[in-house]
Amino acid sequence: MNEMPTHSKKLFIKTYGCQMNVYDSDRMADALAPHGYQPTGDIAEADLVLLNTCHIREKASEKVFSELGRLKELRDARRAVGADMKIGVAGCVAQAEGEEIIARSPVVDLVFGPQAYHRLPDLIARSERGQVVDTDFPQEDKFEHLPAAKKEVTIKRGLTAFLTVQEGCDKFCSFCVVPYTRGAEVSRPVRQVLAEARGLVEAGVKEITLLGQNVNAYHGLDETGRSVGLGELAFLLADIPGLERLRYTTSHPRDMDDALIAAHRDLAVLMPYLHLPVQSGSDRILKAMNRRHTGAEYLALITRIKAARPDMALSGDFIVGFPGETDADFEATLSIIREVGYASAFSFKYSTRPGTPGAEMGDQIAEEVKTERLYRLQELVNAQAAAFHQSCVGKTLPVLIERPGRNPGQVGGRSPYLQAVHLEGGADLIGAIHQVEIVGTGTNSLTGRLKVAAAA
Ligand code: 5AD
Ligand code: SF4
């Protein structure tokens, strides 16, 4: 870690999948920075290319193998001029298919899972002597060994930052590979989370999104060895001076406890936008998915959350075509969507994941049926998202202005409900929350007009 860079090497990380991978990619860059690796935006000049992969659905892993084919050409082009390119595969495909990747793609120098990121410099050194695979789940705490980014690097990444507080999942939904690729649930200690959050805020970050595969199952230990839940953690984070916004994702309905709901009631920094996947509205399918709650229980939970925070905007994930899903089951999903009214939603065709219970189930649904159901579902949620955006027109919302806009003289940021907002204004607005009157909607965004010079 104290090793001084001998000469600068160029690093390109391509990230697939969820925000946890985005966070991990940054941490890999941080682990390599002391060893002389500088990020580049041009893959063709990279000395090291890392693919941070996702295994959640079939297409995600197929993309990796086609990318490796393209990388071989780039590497050969570099070798032809006397340079080289090392190629590494990280993330969940690496974890799940380590040896197979090496066998299928001789172009790969190293394959390593999410628990090995702190060993990355060592793995690269070892790869000089041949292909390396590291997909162990070690006992040691990788976060203790991963260096933090320098302040200037942190703020260059943006005013909003991700912070992983929890990894893995013990829920074993029958469609999902996460419990196998990311392992059992582990929460980072409270002290570590608070220290990382303070570091981010001191570097200038205004908004933190806490991440975890099942983030609201967070149960980190405090200094006295007591288990602290996400609600209590939110209260502790809210005390950090300069932290203006706090979010978290992704949550399971079963772990939405009273303390977390109370945090939504009491904490102004905790943003009124909640990603709370239900996956299906049919109790039969929810049971087969091993979600461990019914549609009615989910709706009752939403009612409690809205009682605590009436303007809460909801987002969800939906799977269509789970094995055995009938037309009536699918209609129940549409019906729960109508009942909740989502501000945004992510929806997927069920994709068989080897090793999961869903893969063994009979009555797999035909592709055309999945396609048609997905289309109908997306029509509904798109209309709901448009209606939600429309309902904001005429309101004044606090917008964290984060970056220059698409056109000169414009800036862009996010509303409390995670909507992108564009407005006329100078770069001096960037970095603070401003009151913005919403005057119109675009595709997936809002347009606004600056109301007040600056919020406190
Ligand atoms: N097929 C389709 N969608 C899936 N998801 C997880 N596993 C699968 C699968 N096998 C979706 C779920 C989850 C989101 C991250 O991805 O909706 O909430
Ligand atoms: Fe997968 Fe279910 Fe765990 Fe979410 S809660 S990561 S869907 S097993």
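Residues numbered from 1 in each chain as written. Chains lettered and ligands numbered in written order. Predicted model: local features only at pLDDT ≥ 70, side-chain atom pairs only at ≥ 80, totals over all residues. Heavy atoms only, no water.

Enquirer: Would you take a moment to explain the overall build of the chain for this structure?
Expert: A count of helices and strands for the chain gives 15 helices and 21 strands. For 456 residues, the compact-globule estimate of 2.2 N^0.38 gives 23 Å, and the C-alpha radius of gyration of the chain, at 23 Å, lies within 12% of that figure. Taken over the C-alpha atoms alone, the chain extends approximately 60 × 60 × 50 Å along its principal axes. In the chain, which comprises 456 residues, the proportion classed as buried is 54%. Within the chain, contacts between residues separated by at least 24 positions form 71% of all contacts whose residues are at least 6 apart in sequence. Split by element, the accessible area of the chain, about 20,000 Å² in all, is 53% carbon and sulfur. For the chain, the separation between the mean place of its 52 positive charges and that of its 59 negative charges on side chains is 3 Å. (Helix = DSSP H or I, 4+ residues; strand = E, 2+ residues; numbered from the N terminus. Rg over C-alpha atoms; globule rule 2.2 N^0.38 Å. Buried < 20%, exposed > 50% of the residue type's maximum accessible area, 1.4 Å probe, protein only. Contact = heavy atoms within 4.5 Å. Areas by Shrake-Rupley, 256 points an atom, 1.4 Å probe, with all protein chains shown as cover. Lys, Arg positive; Asp, Glu negative; His and termini not counted. Charge placed at Lys NZ, Arg CZ, Asp CG, Glu CD.)

Enquirer: Even after reading the chapter, I still don't get the packing of helix H8 (residues 190-202) against helix H9 (residues 230-238), so can you show me in this structure?
Expert: The description of two helices packed together rests on the angle between their axes and the distance between the axes. In the contact formed by H8 and H9, the axes pass within 10 Å of each other and the chain directions differ by 35°. Helix-helix and strand crossings are classified by hand; for H8 and H9 the assignment is right-handed. Residues Val190, Val193, Leu194 and Ala197 of H8 form the contact with H9, whose own contacting residues are Leu233, Leu236 and Leu237. Here the contact of H8 with H9 is composed, by residue class, of seven nonpolar, no polar and no charged. (Axes fitted to C-alpha atoms, helices over the stretch in contact; angles between N-to-C directions. Left-handed = near helix turned anticlockwise from the far one by under 90°. Nonpolar A, V, L, I, M, F, W, Y, C, P; charged D, E, K, R; others polar.)

Enquirer: What's the story with the UniProt feature "binding site: [4Fe-4S] cluster 1" (unreviewed entry) in the chain in this structure? I'm lost.
Expert: Under the present numbering, the feature "binding site: [4Fe-4S] cluster 1" (unreviewed entry) in UniProt falls on Cys18, Cys54 and Cys92. Considering the C-alpha atoms alone, the annotated residues occupy 75 residues of sequence yet fold into one spot, their largest mutual distance being 10.8 Å. Tracing the backbone shows Cys54 in the loop between strand E3 (48-53) and helix H2 (58-80). By the element assignment, Cys92 lies in helix H3 (residues 91-104). Apart from residues lying up to four places away in sequence, Cys92 is in contact with Thr53, His55, Thr181 and Arg182. (UniProt positions renumbered as here; feature names shortened; annotations may be inferred.)

Enquirer: Would you take a moment to explain the packing of aromatic side chains for this structure?
Expert: Where two aromatic rings form a pair, the distance of their centres and the angle of their planes describe that pair. Inspection of every chain in the model, using the stated rule, returns six aromatic pairs. With a centroid separation of 5.2 Å and 85° between ring planes, the pair formed by Phe318 and Tyr342 is classed as edge-to-face. In this pair, Phe318 is assigned in strand E15 (residues 313-320) and Tyr342 in the loop between helix H13 (327-340) and strand E16 (344-349), connecting sequence segments 24 residues apart. Taken individually, Phe318 and Tyr342 each receive the classification buried, so the pair is uniform in this respect. One aromatic cluster in this structure is built from Phe175, Phe322 and Tyr350. Above the ring of Phe348, the side-chain terminus of Arg57 is found at 3.7 Å from the ring centroid. For Arg104, the ring lying beneath its charged end belongs to Phe65, and the centroid distance is 3.6 Å. (Phe/Tyr/Trp six-rings, centres within 6.5 Å; stacked < 30°, edge-to-face > 60°. Lys NZ or Arg CZ within 6 Å of the ring centre and 35° of its normal.)

Enquirer: Explain helix H10 (residues 258-266) to me, please; I cannot follow it from the model alone.
Expert: Helical geometry: 3.6 residues make up each α-helical turn, so side chains three or four residues apart lie on a common side. Burial in H10 covers these residues: Leu260, Ile261, Ala262, Ala263 and His264. Along its buried surface, H10 packs onto H9, strand E13 (245-249) and helix H12 (295-308).

Enquirer: So what exactly am I meant to see when it comes to the layout of surface pockets here?
Expert: Here the idea is plain: a probe the size of a water molecule rolls over the atoms and shows the empty space left. When its volume is computed, the second largest pocket comes out at roughly 620 Å³. What lines the second largest pocket is a set of 22 residues, among which Ala29, Asp30, Pro39, Val153 and Arg157 lie closest to the centre. Looking at the lining of the second largest pocket, its residues break down into twelve nonpolar, four polar and six charged. Two domains each donate at least three residues to the lining of the second largest pocket, and these are domain 1 (9-134) and domain 2 (146-385). (1 Å grid on protein atoms, 1.4 Å probe; cavity = no way out; pocket = protein on both sides within 12 Å on 5 of 7 lines; lining within 4 Å. Points joined across faces, edges and corners; volume = space filled by probe spheres on them. Domains from an automatic or database assignment.)

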